[in-house]
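Next come the chains, spelled out residue by residue.
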Amino acid sequence: MSEFEAKVSPGTKHAAASMRGDDSVVEEKVRFFEKLASSPGTYSKQSAFHSYTTRTTGGEWFTKSETTRISTSNNISSPPVGFEAYTAKENIIQELPVEPSPVAHVPIVSSAKHANNLFSQSARTNLQEYLPQLLPTVFDAPNFDPIADAQALRKAMKGWGTDEATILDIITKRSNRQRQEIYQAFKKEFGRDLISDLKKELGGDFEDVIVGLMMQPIEYEATELRKAMKGAGTDEKALIEILLTKTNGEMQRLVDCYNSLYETTLDDRIRSETSGDLQRLLILAVSCARDEHSFNPEKAHEQAMSLYNAGEKKLGTDEETFVILLGHAGRQQLLAVFEEYKAISGITLEQAVKSEFSGDLHKAILTIIQCMQSRPRYYAKRLHKAMEGLGTDDDTLIRILVSRSEIDLGNIKKEYETLYGCTLLSAIKQGETSGDYKKALCAIVGSA
């Protein structure tokens, strides 16, 4: 096993300097990029990493005190298919918030099966199988002037009637970071709360889209959780979608935000609104119980066998076995378990779950399985379901498009077209949305 020195593009330091953090953090990240290079057993491809932005919910690469190494084995004979790295404390997250421009060439090393040989058990955290290129659909607008935008929005809402076209054009064509600047400029210029004014002037689904875009992403998801558990009944599908698709880092930020906004903690609220095995899965997620810091490929066969014995092999289903494993194991571990299960059973774990479970627990377990394999593909399926048949699940449609627009909506679009043979944009245009609401959704999605 050898560590290697780097050859990086001239723009690397500039890109790293654009990331959030103080000077010491930036320097640390610059040093990380300077250690990226090719070596025996590796090959280089265009980096999927882009500069970190504060307007997303994705999470940070490293904490301030951490150092990062990239290592590889010199005797790998199989084709290199995965990107593997580690930090002293925190795993590299599944999918990173990004800007549109790549900044470096990243070495691709062995697949996750070789991960156990790369680092000692005590030092290793969750090893990322690959670093995907995330494709947002909403970016910073060029020549941005927050004061001019604030004045235009005030004019669009002043007096009789409302100029929805101006509101739509400004809000959907600015990044969330820029919208926050507009919010502050509006308050300073006119002494008014922009979101409150928008709520007074707009209505229906169009209002939900515009107000959702104006909120900070983490706050938006927290309010969506509150909405799912408010009043009579509970929207379990929304809880599953939001809570079972997060990494520990993403979840901790969401929990902190929710608890700061509302009197009841998220944990307590979930316990009061749900029950049984679904509640247990959700509480495990909120508690950040998933072990993202270990990977034991040798144990995967044993775990897959326990799932097989708890489901297909017996009369009835031992739900607890599924909940414990799927609620605790990290992504790399579960991917290995999925492979072993198929070798044991002859069918995928997803197929087995569809025949063994029903109701909300069925949806919850499938969500975990699908997200571990590909979050964009999971969201593409959710969007398709929201629009198929008579009627539209507008809450789901809005929530996914708004929350993923600056993270991976471009990836979701690609998965949608692959799965269903038509573009996401055309599906929205041909669907049952209309008016300014439809225009807003299409603006977020962008061109086909």
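Concerning the side chain of Thr 367
Moving on, step 1. Looking at the secondary structure, you find Thr 367 in helix 17 (residues 359-373).
Moving on, step 2. Residue classification places Thr 367 among the buried residues on the basis of a relative accessible area of 5%.

Some details on the environment of Gln 333
Moving on, step 1. Within the secondary structure layout, Gln 333 lies in helix 15 (residues 331-345).
Moving on, step 2. For the pair Gln 333 and Glu 292, spaced 41 residues apart in the sequence, the C-alpha separation amounts to 8.8 Å.
Moving on, step 3. When residues no more than four places from it in sequence are discounted, the contact partners of Gln 333 are Phe 295, Asn 296, Pro 297, Lys 299, Ala 300 and Gln 303.

What to know about unusual backbone geometry
Moving on, step 1. With phi around 50°, Asn 143 is a residue other than glycine that occupies positive phi space.
Moving on, step 2. Position of Asn 143 relative to the elements: it lies in the loop between strand 6 (105-108) and helix 3 (146-157).
Moving on, step 3. For Cys 288, which is not glycine, the phi torsion reads 55° and is therefore positive.
Moving on, step 4. Checked against the element boundaries, Cys 288 lands in the loop between helix 12 (276-286) and helix 13 (297-310).

Digging into the packing of aromatic side chains
Moving on, step 1. Taken as a whole and judged by the stated rule, the model has 6 aromatic pairs.
Moving on, step 2. With centroids separated by 6.3 Å and ring planes inclined at 70°, the aromatic side chains of Tyr 308 and Tyr 341 adopt a geometry described as edge-to-face. Residue Tyr 308 is found in helix 13, and its partner Tyr 341 is found in helix 15; the two are separated by 33 residues along the sequence.
Moving on, step 3. The ring of Phe 190 has Arg 154 lying over it, and the distance from NZ or CZ to the ring centre is 5.9 Å.

Things to note about helix 18 (residues 375-387)
Moving on, step 1. With 13 residues, helix 18 extends 19 Å from end C-alpha to end C-alpha; this agrees with the ideal 18 Å at 1.5 Å per step.
Moving on, step 2. Elements that come into contact with the buried residues of helix 18 comprise helix 9 (236-243), helix 10 (248-261), helix 17, helix 19 (394-404), helix 20 (409-420) and helix 21 (424-430).
Moving on, step 3. Between the side-chain oxygen of the N-cap and the backbone nitrogen of Arg 377 there are 3.2 Å, and the N-cap of helix 18 in question is Ser 374.

With respect to the side chain of Thr 234
Moving on, step 1. Counting through the fold element by element, Thr 234 comes out in the loop between helix 8 (217-228) and helix 9.
Moving on, step 2. Within the local environment of Thr 234, its side chain forms a polar contact with the side chain of Glu 273, the two groups lying 2.6 Å apart.
Moving on, step 3. In contact with Thr 234, other than residues within four places in its own chain, are Ala 228, Met 229, Leu 239 and Glu 273.

Quick notes on the confidence of the model for the chain
Moving on, step 1. Looking at the chain as a whole, its pLDDT mean stands at 77, while 71% of the residues score no less than 70.
Moving on, step 2. In the predicted structure, residues 1-131 sits below a pLDDT of 50 and forms 302 contacts with residues beyond four places in sequence or in another chain.

Things to note about the packing of helix 12 against helix 14 (residues 319-328)
Moving on, step 1. At a closest axis distance of 9 Å, the pairing of helix 12 and helix 14 adopts a crossing angle of 15°. One element, helix 12, and the other, helix 14, form an angle in the roughly parallel class. When you trace helix 12 past helix 14, the crossing you get is right-handed. Residue-level inspection shows Asp 277, Arg 280, Leu 281 and Leu 284 of helix 12 in contact with helix 14, the latter providing Glu 319, Glu 320, Val 323, Ile 324, Gly 327 and His 328.
Moving on, step 2. In terms of residue class, the contact of helix 12 with helix 14 is built from 4 nonpolar, 2 polar and 4 charged.

Reading guide: rules and limits
Residues numbered from 1 in each chain as written. Predicted model: local features only at pLDDT ≥ 70, side-chain atom pairs only at ≥ 80, totals over all residues. Heavy atoms only, no water. Helix = DSSP H or I, 4+ residues; strand = E, 2+ residues; numbered from the N terminus. Buried < 20%, exposed > 50% of the residue type's maximum accessible area, 1.4 Å probe, protein only. Contact = heavy atoms within 4.5 Å. Phe/Tyr/Trp six-rings, centres within 6.5 Å; stacked < 30°, edge-to-face > 60°. Lys NZ or Arg CZ within 6 Å of the ring centre and 35° of its normal. Expected span 1.5 Å × (residues − 1). Polar contact = N/O pair within 3.5 Å; in protein donor to acceptor, adjacent residues only side chain to side chain. pLDDT = per-residue confidence, 0-100. Axes fitted to C-alpha atoms, helices over the stretch in contact; angles between N-to-C directions. Parallel < 35°, antiparallel > 145°, perpendicular 65-115°, else oblique. Left-handed = near helix turned anticlockwise from the far one by under 90°. Nonpolar A, V, L, I, M, F, W, Y, C, P; charged D, E, K, R; others polar.

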